[in-house]
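# Descriptive structure summary
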Amino acid sequence: MNCHFRSHLMQQFAASARTQSRPPLALFSFGNEGAAPRSPSRRSSVDRPFADTHRRPVSISSSSGAGPKRQLSSIPSSSSLRHRSLSSSVLQNDTLEEFPENDELDDSSHQKEVTHHVPPSPSAENFQQIISSRRTVSNFLSLPKPPPDHEHRKDQDGILSDYAHRQFLRDAIQRAVQCAMTAPNHKVTEPTTFHRIIAPSAASEKLLDIVYSVTLERLLSRKISGHEACRSEAMRKREKWSDIPAFLVATVRGMGDQCQSSFTSNNNPDGEIFEELPYVAPSTMRQLEDYAAACASIQNLLLSLHSEGLGSKWATGPVIRTRAFRDLIGCEEDDMVVGLIMVGWPKRLPRMPRRRRDLEGDILKDVQL
């Protein structure tokens, strides 16, 4: 059979096939059947003898699909994109595809090939789902439902006891802090400390009193409404916080004097402990890196709590920047309170907020020279 081939590479493939002990399979060229064979005097940079490269056997089957696979020839295991495409076509089809005559493929073809999306593994997809489904929870259940994997802790009446609820919170928070400890930390300074408060307790009641007093002082100072209206609003906030089952306070040491006071007028000296202290920002590179490490550890903690069915909220309001709050936690003068994390069972799951920025080209940008 007189077979015409569209490239010297195919001619070499057929020539190598003819050296086999058994007759080669017929390879047909699709397209221009009447085209004359290319002159053997013209050779490209990729048309080098196969013996010059590493050889590996390639097997294909006939188009009829009957009988065992036959080894036609040895194809070089080259990093060339053309050789890889040829090997792929031989493995998948009985006929060879027509390739560009240029020695080099254009950049656009190469770019299209390397930008195919590769799906994640099942374990990676599950982990990413935990990250992307976390939401900030502002409303908590005072009597939560038992977690699905803690049904065995129910008492004789089928009700999960308060002790089991509190013990689960303590254990879940401890596991979350263990995850927080793995966050990146330059120089391994380990600057972050977590202070735990489980409600109801004497510490949680003291915290609720601080919340009420700080809220009342702020409302009265603004003179937005009367005294009774301010007291009512402060009590409403206290009752809302009383539904939160647990609190975590994250502090970072070595952040300079955090208790600098600039109070000029105060008719109630006892109320000074409920007034907001001035903000003292990190002033050195080490302090900035320690603050960043604390923020990274808090994110790990929030994700761990979310994976166990617990909601959380990272709060940085005026309550944490008062002397009364710092005294409750036992902060040193150079301890900076990074945040108050509320922990508990969510009353309802918040919806995904509408993103104002797009991912491709806005949040994620490729650097091109």
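You'll find the structure just up there.
The model shown is predicted, which means the values in this text are computed figures rather than measured ones.

## Quick notes on a negative patch on the surface
- Together, Asp257, Glu332, Glu333 and Asp334 line one region of the surface with negative charge.
- Relative to the helices and strands, Asp257 resides in the loop between strand S4 (246–252) and helix H8 (285–307).

## So, the pattern of salt bridges
- Per the stated rule, a full pass over the model turns up seven salt bridges.
- Here Arg357 ties to Asp362 by a salt bridge, and the two come within 3.1 Å at their closest N and O atoms.
- For Arg357, a relative accessible area of 46% corresponds to the partly exposed category.
- The exposure class assigned to Asp362 is partly exposed, which follows from its relative accessible area of 29%.

## Structural notes on a nonpolar patch on the surface
- On the surface, a cluster of nonpolar side chains totalling about 290 Å² of accessible area is made up of Leu359, Ile363 and Leu364.
- Relative to the elements of secondary structure, Leu364 occurs in the segment after strand S6 (336–344).

## A word on H8
- The end-to-end C-alpha distance of H8, which contains 23 residues, comes to 33 Å, matching closely the 33 Å that a straight helix rising 1.5 Å per residue would cover.
- Of all the positions in H8, only Gln287, Asp290, Ala293, Ala294, Ser297, Ile298, Leu301, Leu302, Leu303, Ser304 and Leu305 are classed as buried.
- The inward-facing, buried residues of H8 abut helix H4 (122–132), helix H5 (162–180), strand S3 (192–198), S4, strand S5 (311–315) and S6.
- Directly after H8, the chain includes Gly309, whose backbone phi takes a positive value near 85°.

## Let's talk about the sheet that holds S6
- Across the sheet, which stays open at both edges, the four strands sit in the order S3-S4-S6-S5 with antiparallel pairing between neighbours. Taken across any chain shown, the strands that pair with only one partner, and hence form the sheet edges, are S3 and S5. Across the sheet, the axes of successive neighbouring strands diverge by a mean angle of 20°, strand direction being ignored.
- Sheet analysis places S3 next to S4, joined by seven bridges and oriented antiparallel. Counted as the bridge partner of Arg196 is Leu248 from S4.
- Along the sheet, H8 contacts S3, S4, S5 and S6; its crossing angle with S6, the most-contacted strand, is approximately 5°.

Quick notes on the rules
Residues numbered from 1 in each chain as written. Predicted model: local features only at pLDDT ≥ 70, side-chain atom pairs only at ≥ 80, totals over all residues. Heavy atoms only, no water. Patch = residues over 30% accessible without salt bridge, like charges linked within 9 Å, V, L, I, M, F, W, Y side chains within 5 Å. Areas by Shrake-Rupley, 256 points an atom, 1.4 Å probe, with all protein chains shown as cover. Salt bridge = Lys/Arg side-chain N within 4 Å of Asp/Glu carboxyl O. Lys, Arg positive; Asp, Glu negative; His and termini not counted. Charge placed at Lys NZ, Arg CZ, Asp CG, Glu CD. Helix = DSSP H or I, 4+ residues; strand = E, 2+ residues; numbered from the N terminus. Buried < 20%, exposed > 50% of the residue type's maximum accessible area, 1.4 Å probe, protein only. Expected span 1.5 Å × (residues − 1). Contact = heavy atoms within 4.5 Å. Pairing = 2+ DSSP bridges. Axes fitted to C-alpha atoms, helices over the stretch in contact; angles between N-to-C directions.

From the geometry alone we can't say anything about function, so treat these as descriptive.
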